[in-house]
Structures are given as C-alpha cells and as structure tokens.
Amino acid sequence: MKTDILGVGIDDLVLPEAVEAGAALLREPGFHYVVTPNPEFILSAKKDEAFRAVLNQADLSLPDGVGVVYAAKILGRPLKGRAPGVDFAQGLMERMAQTGDKLFLLGAKPGVAEQAAENLRRAHPGLVICGTHDGYFKEDEPVIEAIRTAGADVVFVCLGAPKQELWMAQNGAKTGARLAVGLGGCLDVFAGNVQRAPEAWQKAGMEWLYRLIKEPSRIGRMAKLPLILVDALGARLGGK
Ligand code: UDP
C-alpha cells in the first residue's frame, strides 16, 4: 500500500528495504520501473496529470527528499524516512555486481555517462555496464535499439523529471530491460561532476541547502519547495 502525499503514492521504505524491493522486481518477469519523487515532482504532478499518472503507475516510488518526509508528517501519514535515489542506485549496483545483471546508463550531457561508467566499474568490481547514451537525443527509436542490442537488464534513466518518468513508462518495456529507474542528476554525481553533501549534512536533512550553496542558480527552482509544506498543511486542515 502506497502512502498518498498530495496525490502521489509513495512507498514507505527505508533504504535497505527499497534496495530489497528493487532487487525483487528484477527477479520478476516483465518490465518494471522505479520513480524517486522529491518535493519538486509532487508540486509539478499537482498540475500535470500525465506526470501524476505515470508516477502513480510506478512499481516502486521512493521518498527522495526530506521535504517529502516533512510533508508526510504534516499530513499525519508519517513515512519512516528518506530513501534517496542515488543511494538506492548504489545499493542496486552492489547487488548487480554479484548477480551479473547488466546495466545501461542513459542521460546527461555527452561524455558524462561514459565517465560515470568508468567510475562505477571501479567502485563496484564485477558490475557489468553494457552501454551508455547521452540524454540529448531527438528520436527514441535508436536509443531503444541501443539498449536492446546491449542486452541490458537494468537502465538508469537520467533525463530530469518529468521527461525520464514519461520516457520509462512509454519506452521502458520496448528496451527489453526488466527494470528502469528514474534518477535525475545521478550520472553527474557518479561522473564526479557534482559533489554530494557530506554525510553529516545528509543526516541533518540539509542536503538541499548544500546543493543550493554549490549551485546557486537553483534558487528559482528551490524557492518553490516550501510550497509542498504549505500544501500539506492546507490538506491537513482541510481534512483531506
Ligand atoms: N538531462 C538530459 N536530457 C534532457 C534534460 C536533462 O539528459 O533533455 C539531464 C541533465 O544533463 C542532468 C539531468 O538530466 O544530468 C537532470 O538533472 P536535474 O538536476 O534536473 O535533476 P535532479 O537531480 O534535480 O532530479
């Protein structure tokens, strides 16, 4: 049962449970996809029905940001904690290094996915990265074909939201992969182009502030984020 956070269903899982659930999906037949909603997703899903539907059809929906956890608390439906997409991806890759499942990296500017692949192979000995493609393509078909030909089991789709979620829902099954995960800017992190906040900041729920200090141009996007808490309070007081 998913927890409804302002119209978006979220699985109440902490990281090890999320990784376990992801690995279980990979063992099932058929195609599945994972979404990692943060407050920005929830705010745009409010106005964008197609995005909301695609989020709610996901097999696994992880609370990526501390804002989602706060909103849940205000709504009176507390979640156990965050399960950030980037950590979920790391956990899944650890498993894949053992099982031999093949990973394809899709997204980011040209060259970034290749650099990420090199770093990830080093970080997870045994991990098979069977192909990469940048995220600035015009036609879907050649990309689908590249993933299919590579024989990928898992695809990390890093095109930013809502593009990556719509792409997974529309094209994921055609790639022949069994699992796709929408992971936003993760390839930039794996490539070493963007630094994550130190662990103390993450634990304090301040990763967003660290990111803002490092990338001040995000201020416009981030200024909207407290709105999710205002919305949650409105919904709670309105008895929704
Ligand atoms: N991106 C892409 N194709 C596009 C638009 C964006 O591959 O058409 C990439 C972009 O280069 C970046 C990622 O998608 O690597 C999105 O990053 P963003 O910071 O928006 O995501 P977040 O981490 O906030 O979810």
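Conventions we followed
Residues numbered from 1 in each chain as written. Predicted model: local features only at pLDDT ≥ 70, side-chain atom pairs only at ≥ 80, totals over all residues. Heavy atoms only, no water. Near = heavy atom within 4 Å. Polar contact = N/O pair within 3.5 Å; in protein donor to acceptor, adjacent residues only side chain to side chain. Nonpolar A, V, L, I, M, F, W, Y, C, P; charged D, E, K, R; others polar. Helix = DSSP H or I, 4+ residues; strand = E, 2+ residues; numbered from the N terminus. Buried < 20%, exposed > 50% of the residue type's maximum accessible area, 1.4 Å probe, protein only.

Topic: the site of the ligand
In the region of the ligand, 15 residues are neighbours, and A108, G135, Y136, K163 and D188 sit closest. Taking G160, its main chain carries an N or O atom lying 3.3 Å from an oxygen atom of the ligand. Measuring from an oxygen atom of the ligand, one finds a side-chain N or O atom of K163 at 2.6 Å. Residue classes in the shell around the ligand are distributed as four nonpolar, five polar and six charged.

Looking at unusual backbone geometry
A cis geometry characterises the amide bond from A161 onward to P162, with omega recorded as 5°. By secondary structure assignment, the location of P162 is in the loop between strand 7 (154-158) and helix 8 (163-171). We note that L6 has phi near 50°; this positive angle belongs to a residue other than glycine. Mapped onto the elements of the fold, L6 is located in the loop between strand 1 (3-5) and strand 2 (8-10). The backbone of A108 shows a phi angle near 70°, a positive value even though the residue is not glycine. Turning to its location among the elements, A108 is positioned in the loop between strand 5 (102-107) and helix 6 (112-123). The exposure class of A108 is buried, given its relative accessible area of 11%.

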